[in-house]
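Fold and contact review
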2 protein chains.
Amino acid sequence: MDILMKSVKLEMNGKLYVKDPESSDLGKKIVEQSILLIDEIGFECFTFKKLGVRIQSNESSIYRYFENKHKLLLYLASWYWGWMEYRMVFATNGISNPEKKLKKAIEVLTQNVEEDSSFSHVNEVVLNRLIINEYSKSYLVKEVDQENKDGYFTISKRIVSRISKMIQEVDGSYPYPLSLASTILEGTLHQYFLAEHFPKLTDCNQKITPTQFFTDLIFRTLNLKPNG
Amino acid sequence: MDILMKSVKLEMNGKLYVKDPESSDLGKKIVEQSILLIDEIGFECFTFKKLGVRIQSNESSIYRYFENKHKLLLYLASWYWGWMEYRMVFATNGISNPEKKLKKAIEVLTQNVEEDSSFSHVNEVVLNRLIINEYSKSYLVKEVDQENKDGYFTISKRIVSRISKMIQEVDGSYPYPLSLASTILEGTLHQYFLAEHFPKLTDCNQKITPTQFFTDLIFRTLNLKPNG
DNA sequence: GCGAATATAATAGTATTACTATCAACATAT
DNA sequence: ATATGTTGATAGTAATACTATTATATTCGC
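For chain A, an unreviewed UniProt entry supplies the name TetR/AcrR family transcriptional regulator and the organism Flagellimonas profundi.

Next comes the structure, spelled out in structure tokens:
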């Protein structure tokens, strides 16, 4: 990852936090260590009290940054998708051939996150694992419509919209570009989860990647050549 | 739905419950009303105490049937997929043409559940909605590997396996039958959720159904004719 | 019809969770 | 020197997720 990224700050919806965690050392520590702790013990077992012990700070101090752990998860998800969108736009910018552009976008979106780019204090490898395991829980809640109105899902929606538009650029007659795009975004997380825990439910493994599966799917669906 | 179904009892993994809820009136009431209550208030807010009030029974009595609400969710999911598998096998049985068979299976799996077949005390319309909203939470947990070993996900795995085999019957050269099958199963739930809460992320709506989207996807991917 | 076994209800109790409130300590900015 | 903001420490509350015990009601075998 380019060194340039280290100086970029992702813009976050201000309603996601009580106090901007980027504005202090404690805030950054909360974000950094919450990712590691949720990854270790799972979102259900994760509490602000446990995080407080881990960062040698106080439960009440964490509440000054995030209302509750659900909002923290929304924040982390928003961060992840912001990072993903940035990489996607960066990687596809300047590609004029629609097929190549779509292929590149799918590649970035479905690729395994293998190394921590040290883009700020966030470990993207661990965050990626967290998103695979916990992202669904951020929107599968009764409050989803209000939270959607509050703009908490803006970024991942924009990614789906971008992919959908690229699909249309490649094949304007294809009738389901949005559904295909959202299926790839969500399906990627799911395929990684299956590869880890239900290997009999997926063809993805060490040799076959979700990138190959979804790239192939797109090519077949839009009737393209694999070398497009 | 055929009247025959009323007399069929779905076989459940005995480890899912402490005491078989099918074995008593209270047990059936627990299953019946838990579906309605979870649908109303969401899995996070659902407690055995609240269910106890609703069925005018005691919290501790419910614990005699299910260890905790997570196990109850696993039970309900298992019931749902058992019911789905039954319908799928029933509907495809006797179809010898592989393409027609696959098409029928996808149709059953992706179709909107519109009427309560009154197959026992379970309201399938509500259960379907519950599965769309809560199913992911049943396996996105730290204990997933142990619970998989305990066989809690056997039925949905078998459905994926069946679809995968049907895909291979249609096109033996297609390299990702398992991933395609699991993408359809999970993707269907996701598309219904999006249609309800994020209409801008899907093409599915009152006119376009997930069945159409996924049937089209399968046809394009396996290079078939729509009238196959 | 009676006693034994079983199912359910009622009550109480515990540890943890998910917070809220208050106040003190410290740093910084003016 | 004083006001302001940040963090830490402590305490407290209501709800959750159970477990345990005892009482009561129902059912079954004989």
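More follows now that the structure is in view.
Summary: where empty space remains is shown by rolling a probe the size of a single water molecule over the atoms. Following the criterion strictly, the structure yields nine cavities of 30 Å³ or more and no others. Considered as a void within the structure, the largest cavity measures approximately 190 Å³ in volume. Taken together, 20 residues form the lining of the largest cavity, with Ser-136 and Glu-186 of chain A together with Ser-136, Tyr-139 and Glu-186 of chain B sitting closest to its centre. Breaking the lining of the largest cavity down by element, the ones donating at least two residues are helix H6 (124–139) and helix H9 (177–197) of chain A together with helix H6 (124–139) and helix H9 (177–197) of chain B. Grouping the constituent residues of the lining of the largest cavity by class yields 14 nonpolar, four polar and two charged.

Before going further, it helps to spend a moment on the protein's contact with DNA strand D. Close to DNA strand D lie 17 residues; Ser-57, Arg-64 and Tyr-65 of chain A together with Tyr-63 and Asn-68 of chain B are nearest. The sugar-phosphate share of atoms of DNA strand D within 4 Å of the protein amounts to 56%. Here Ser-60 of chain A contributes a side-chain N or O atom positioned 3.4 Å from a base nitrogen of DNA strand D. Within the contact set of DNA strand D, a sugar or linking oxygen lies 3.2 Å away from a side-chain nitrogen or oxygen of Tyr-63 of chain B. Listing elements by their share of the surface near DNA strand D, those giving two or more residues are helix H3 (59–63) of chain A together with helix H3 (59–63) of chain B. The biggest single contributor to the surface near DNA strand D is H3 of chain B, with three residues. Its residues placed into classes, the surface near DNA strand D shows three nonpolar, eight polar and six charged.

Turning our eyes to something else, we now look at the protein's contact with DNA strand C. As a structural note, the neighbourhood of DNA strand C is formed by 17 residues, with Glu-59, Tyr-63 and Asn-68 of chain A together with Ser-57 and Tyr-65 of chain B the closest of them. Backbone atoms, meaning sugar and phosphate, make up 56% of the atoms of DNA strand C lying within 4 Å of the protein. At a separation of 3.3 Å, a base nitrogen of DNA strand C approaches a polar side-chain atom of Glu-59 of chain A. Residue Lys-19 of chain B places a side-chain N or O atom 3.4 Å away from a phosphate oxygen belonging to DNA strand C. Looking at the surface near DNA strand C, the elements with two or more residues in it are H3 of chain A together with H3 of chain B. Counting residues per element, the surface near DNA strand C draws most heavily on H3 of chain A, which supplies three residues. Looking at the surface near DNA strand C, its residues break down into three nonpolar, eight polar and six charged.

For residues other than glycine, phi is negative in most cases, and the peptide bonds are mostly trans. Phi is positive for Gln-56 of chain A, which is not a glycine, with a value near 50 degrees. With respect to the helices and strands, Gln-56 of chain A occurs in the loop between helix H2 (48–54) and H3. Judged by its relative accessible area of 76%, Gln-56 of chain A falls in the exposed class. With a phi close to 60 degrees, Asn-223 of chain B is a non-glycine residue in the positive phi region. Of note, Asn-223 of chain B is situated in the segment after helix H10 (210–221). By relative accessible area, which is 69% here, Asn-223 of chain B ends up exposed.

A separate point is the side chain of Thr-110 of chain A. All names here are of chain A. Along the chain, Thr-110 turns up in helix H5 (residues 98–110). Residue Thr-110 is classed as buried on the basis of its relative accessible area of 0%. Leaving out residues up to four positions away in the same chain, Thr-110 has contacts with Ile-184, Thr-188, Tyr-192, Pro-210, Thr-211 and Phe-214.

This part is about the packing of aromatic side chains. Counted under the stated rule, the structure contains 30 aromatic pairs over all chains. Look at Phe-48 of chain A and Tyr-63 of chain A: their rings are 4.9 Å apart centre to centre, the planes differ by 65 degrees, and that puts the pair in the edge-to-face class. Taken together, the residues Phe-48 of chain A in helix H2 and Tyr-63 of chain A in helix H3 connect sequence positions 15 residues apart. On the accessibility criterion, Tyr-63 of chain A (41% relative accessible area) is partly exposed. Here Phe-46 of chain B and Phe-48 of chain B contribute two aromatic rings whose centre-to-centre distance is 6.2 Å and whose plane-to-plane angle is 85 degrees, an arrangement assigned as edge-to-face. Overall, the relative accessible area of 4% leaves Phe-48 of chain B in the buried class. One aromatic cluster in this structure is built from Tyr-80, Trp-81, Trp-83, Tyr-135, Tyr-139 and Phe-153 of chain A together with Phe-193 and Phe-198 of chain B. Lying across the ring of Trp-83 of chain B, Arg-87 of chain B places its NZ or CZ 4.1 Å from the centre.

Below, the discussion takes up the relation of the copies chain A and chain B. Of the two same-sequence chains, chain A is brought onto chain B (RMSD 0.0 Å, axial shift 0.0 Å) by a rotation of 180 degrees. Such values leave the two copies arranged in the relation of a two-fold axis. Among all C-alpha atoms of chain A, that of Thr-221 of chain A lies closest to the rotation axis, at 2.7 Å. Looking at chain A, 98% of its interface residues are interface residues in chain B too, so the copies touch through the same face.

Time to look at the interface of chain A and chain B. Between chain A and chain B, the residue contacts involve 49 residues of the former and 49 residues of the latter. Summed over both sides, the interface of chain A with chain B buries roughly 4300 Å², with 62% coming from carbon and sulfur. Among the residues chain A hides against chain B, the three largest losses belong to Leu-140, Tyr-176 and Arg-220 of chain A. Together they make up 16% of the total. Scanning the region where chain A abuts chain B turns up zero salt bridges. The interface formed by chain A and chain B contains 25 residue pairs in polar contact (both at pLDDT 80 or more). The set of elements that each furnish at least two residues to the side of chain A that touches chain B consists of helix H1 (25–41), H6, helix H7 (144–149), helix H8 (154–170), H9 and helix H10 (210–221) of chain A. By residue number, the principal contributor to the side of chain A that touches chain B is H9 of chain A, which donates 12 residues. Class assignment for the residues of the side of chain A that touches chain B results in 22 nonpolar, 13 polar and 14 charged.

Conventions and cut-offs
- Residues numbered from 1 in each chain as written.
- Chains lettered and ligands numbered in written order.
- Predicted model: local features only at pLDDT ≥ 70, side-chain atom pairs only at ≥ 80, totals over all residues.
- Heavy atoms only, no water.
- 1 Å grid on protein atoms, 1.4 Å probe; cavity = no way out; pocket = protein on both sides within 12 Å on 5 of 7 lines; lining within 4 Å.
- Points joined across faces, edges and corners; volume = space filled by probe spheres on them.
- Helix = DSSP H or I, 4+ residues; strand = E, 2+ residues; numbered from the N terminus.
- Nonpolar A, V, L, I, M, F, W, Y, C, P; charged D, E, K, R; others polar.
- Near = heavy atom within 4 Å.
- Polar contact = N/O pair within 3.5 Å; in protein donor to acceptor, adjacent residues only side chain to side chain.
- Buried < 20%, exposed > 50% of the residue type's maximum accessible area, 1.4 Å probe, protein only.
- Contact = heavy atoms within 4.5 Å.
- Phe/Tyr/Trp six-rings, centres within 6.5 Å; stacked < 30°, edge-to-face > 60°.
- Lys NZ or Arg CZ within 6 Å of the ring centre and 35° of its normal.
- Least-squares fit on C-alpha atoms with pLDDT ≥ 70 in both.
- Buried area = accessible area lost by both parts, 1.4 Å probe.
- Salt bridge = Lys/Arg side-chain N within 4 Å of Asp/Glu carboxyl O.

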